[in-house]
Amino acid sequence: MAGNPDEGDERIAMLLDYENLAIGAREGLGVSPFDLTPVADALAVRGRVVARRAYADWSYFDEDRRLLARAQVELIDIPQRLGGSRKNAADIKMAVDAVEIAYERSWVTTFAIGTGDSDFTPLVHKLRELDKRVIGIGVASSTSRLLPPACDEFLYYDRLVDTSPPAAEATPVAGAPAPAAGAETAAKPAPDDDEALGRLVTRTLSGLARRGDGPVLASRLKRAILRQDPTFDEAEHGFRGFGELLRHLQDQRIVELATGSAAGDPEVTFPENERAEDDAFRLLTEVVAEESRSGGGVPLSGLKDRVRKRRPDFSEKTYGFTSFLSFAKAARARGVVRMAWDESTGDWRLEPA
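Note that the structure is predicted; figures quoted are calculated from it, not measured.

A.B. asks: Can you help me understand the sheet that holds strand 9 (residues 298-299) in this one?
C.D. replies: What links the strands of a sheet is backbone hydrogen bonding, and the strands pair in either a parallel or an antiparallel sense. Here three strands make up an open sheet; going across it, the order is 9-11-10 and the pairing antiparallel. The two strands at the open ends of the sheet, each matched to only one other strand, are strand 9 and strand 10 (337-342). Both strand 9 and strand 11 (residues 347-352) contribute to a ladder of two bridges, which runs antiparallel. Each bridged residue has a counterpart across the sheet, and for Pro299 the counterpart in strand 11 is Arg349. Contacting strand 10 and strand 11, helix 14 (residues 324-333) runs over the sheet at an angle of about 125 degrees to strand 10.

A.B. asks: Explain the environment of Gln228 here, please?
C.D. replies: With respect to the element layout, Gln228 can be found in helix 10 (residues 218-228). In contact with Gln228, other than residues within four places in its own chain, are Asp41, Ala44, Val45, Leu200, Arg203 and Thr204. A polar side-chain atom of Gln228 sits 2.7 Å from a polar atom in the side chain of Thr204.

A.B. asks: Is there a simple way to think about the nonpolar core in this case?
C.D. replies: With 27 residues, the main nonpolar core has Met14, Tyr18, Phe34, Leu36, Val39, Leu43 and Tyr157 as its most contacted residues. Only strand 1 (10-17), helix 1 (18-29), helix 2 (37-46), strand 2 (47-56), strand 5 (133-138) and helix 7 (157-160) provide two or more residues apiece to this core. Looking at which element gives the most residues to this core, the answer is helix 1, with four residues. If sequence neighbours within four positions are ignored, Val39 has contacts with Met14, Phe34, Ile137, Tyr157 and Leu160.

A.B. asks: Where do I start with the packing of aromatic side chains in this structure?
C.D. replies: The description of two aromatic rings rests on the distance between their centres and on the angle between their planes. For the structure shown, the criterion picks out 12 aromatic pairs. With a centroid separation of 5.9 Å and 35 degrees between ring planes, the pair formed by Phe324 and Phe327 is classed as tilted. Placement of both Phe324 and Phe327 in helix 14 is noted, with a separation of three residues, approximately one turn of the helix. Just as Phe324 is buried, Phe327 falls in that class too.

A.B. asks: Looking at this structure, how should I read the pattern of salt bridges?
C.D. replies: A pair can form between side chains of opposite charge whenever their charged atoms are brought close. A full pass over the atoms with the stated rule returns 19 salt bridges. Across the pair Arg133 and Glu10 runs a salt bridge, and its minimum N-O distance is 3.2 Å. Placement of the pair is Arg133 in strand 5 and Glu10 in strand 1, with a sequence separation of 123 residues. Arg133 sits in the partly exposed class, given a relative accessible area of 26%. The partner of Arg310 in a salt bridge is Glu286, and the shortest N-O contact between them spans 2.8 Å. One end of the pair, Arg310, is in helix 13 (residues 303-310); the other, Glu286, is in helix 12 (residues 275-291), and 24 residues separate them in sequence. Exposure remark for Arg310: the relative accessible area of 40% places this residue in the partly exposed category. The network of salt bridges with common partners includes Glu10, Arg46, Arg133 and Glu153.

A.B. asks: Got a minute to help me understand the side chain of Asp57 in this structure?
C.D. replies: With respect to the helices and strands, Asp57 occurs in the loop between strand 2 and helix 3 (62-70). A polar contact of 2.7 Å, which involves the side chain of Asp57, links it to the side chain of Ser59.

A.B. asks: I'm lost on the pairing of strand 8 (residues 265-269) in this one. Help?
C.D. replies: On any regular strand, side chains alternate: one points to one face of the sheet, the next to the other face. Here strand 7 (residues 256-262) pairs with strand 8 via four bridges, running antiparallel. Residue pairing across strands places Leu257 opposite Val268, the latter belonging to strand 8. Between strand 7 and strand 8, which follow one another and run antiparallel, lie two residues, and Gly264 among them has a positive phi close to 80 degrees.

A.B. asks: Can you walk me through the environment of Leu36 in this structure?
C.D. replies: Relative to the assigned elements, Leu36 resides in the loop between helix 1 and helix 2. The exposure class assigned to Leu36 is buried, which follows from its relative accessible area of 7%. In sequence terms Leu36 and Leu68 are 32 residues apart; their C-alpha atoms lie 7.6 Å from each other. Here Leu36 is in contact with Met14, Leu16, Leu68, Ala71 and Val73, once residues within four sequence places are set aside.

A.B. asks: I keep staring at the sheet that holds strand 6 (residues 153-156) and nothing clicks. Help me out?
C.D. replies: Here we have six strands laid out as an open sheet, ordered 3-2-1-4-5-6, and parallel in their pairing. A strand with exactly one partner marks an edge of an open sheet, and here the two such strands are strand 3 (74-77) and strand 6. For this sheet, the mean inter-axis angle between neighbouring strands, taken without regard to orientation, is 20 degrees. As paired elements, strand 1 and strand 4 (residues 110-114) share five bridges and run parallel to each other. Note that in strand 4 the partner of Leu15 across the bridge is Ile113.

Basis of the calculations
- Residues numbered from 1 in each chain as written.
- Predicted model: local features only at pLDDT ≥ 70, side-chain atom pairs only at ≥ 80, totals over all residues.
- Heavy atoms only, no water.
- Pairing = 2+ DSSP bridges.
- Helix = DSSP H or I, 4+ residues; strand = E, 2+ residues; numbered from the N terminus.
- Contact = heavy atoms within 4.5 Å.
- Axes fitted to C-alpha atoms, helices over the stretch in contact; angles between N-to-C directions.
- Polar contact = N/O pair within 3.5 Å; in protein donor to acceptor, adjacent residues only side chain to side chain.
- Core = buried A, V, L, I, M, F, W, Y, C linked by side-chain atoms within 4.5 Å.
- Buried < 20%, exposed > 50% of the residue type's maximum accessible area, 1.4 Å probe, protein only.
- Phe/Tyr/Trp six-rings, centres within 6.5 Å; stacked < 30°, edge-to-face > 60°.
- Salt bridge = Lys/Arg side-chain N within 4 Å of Asp/Glu carboxyl O.

Nothing here speaks to function; it is all geometry.
In structure tokens:
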């Protein structure tokens, strides 16, 4: 392992009680099929995922099966048995595999257990007895209260996934010629390359910074980006090296660089007074002021859609926030809006400060 730049990173085995996650996401969040990408990105920030397994009766999840196969997840089929419990069979198989990996693969340092079922609490305790770190993953509405406290860290899928509908596309002009077959790229251009690159870096930097386990060096940031997208190459964006890319983003006030512990490996942080971030909070303030003219404040639900009507490319992840709620709470902390919980609607309400 000497000389391996990843040797200090966690090596993660991801095991998913897929039926629990998929049904919880569909019924609790309206997300179907289950989107693994936010989970994979969150784990990539934390370390290398060296094993990916999902357990279910896959005859019930045909579309999901194809998506997971593309994500390089090993599908463990637990077919329904007459007179037996499919759920118990999947739970037992997943628990047996976890313990087997813990004993036979000492290099695995962390287990990501995707479920909300309290039946897995004893497994979590056993893994921690074996000196393994455990990250739980579950949907808030279907996660037992007993499970998160048993884990070293628990990721609520609700906070990882963006459940807001995409901004409405522009309506075609009447009489305009229809695009030719095979001309999708010309008719629907890709998002601005520079903006997408900044969003990738800020999202990854935000995840590393939240861990609070030391400064984020450029080398560590790039490894985390490569774990999310192994095809990433700064040369494809017009930069001769990752350091040049970071200096470009520093000029745009997206990141800030400082001297790191080694030459050529600067420390990367967010600027303390980012102009683009100030503009985003100003946009939120304007929308809240307009929508609350009738009094009573604006509910958080649907507020992001209203912001996107003003700025279709808006995303809180551009500014390093994992969810729109986190962005709204940051606005409250800066004193630009007020937030209060409304028990009658079960939602936050925002008012101008």
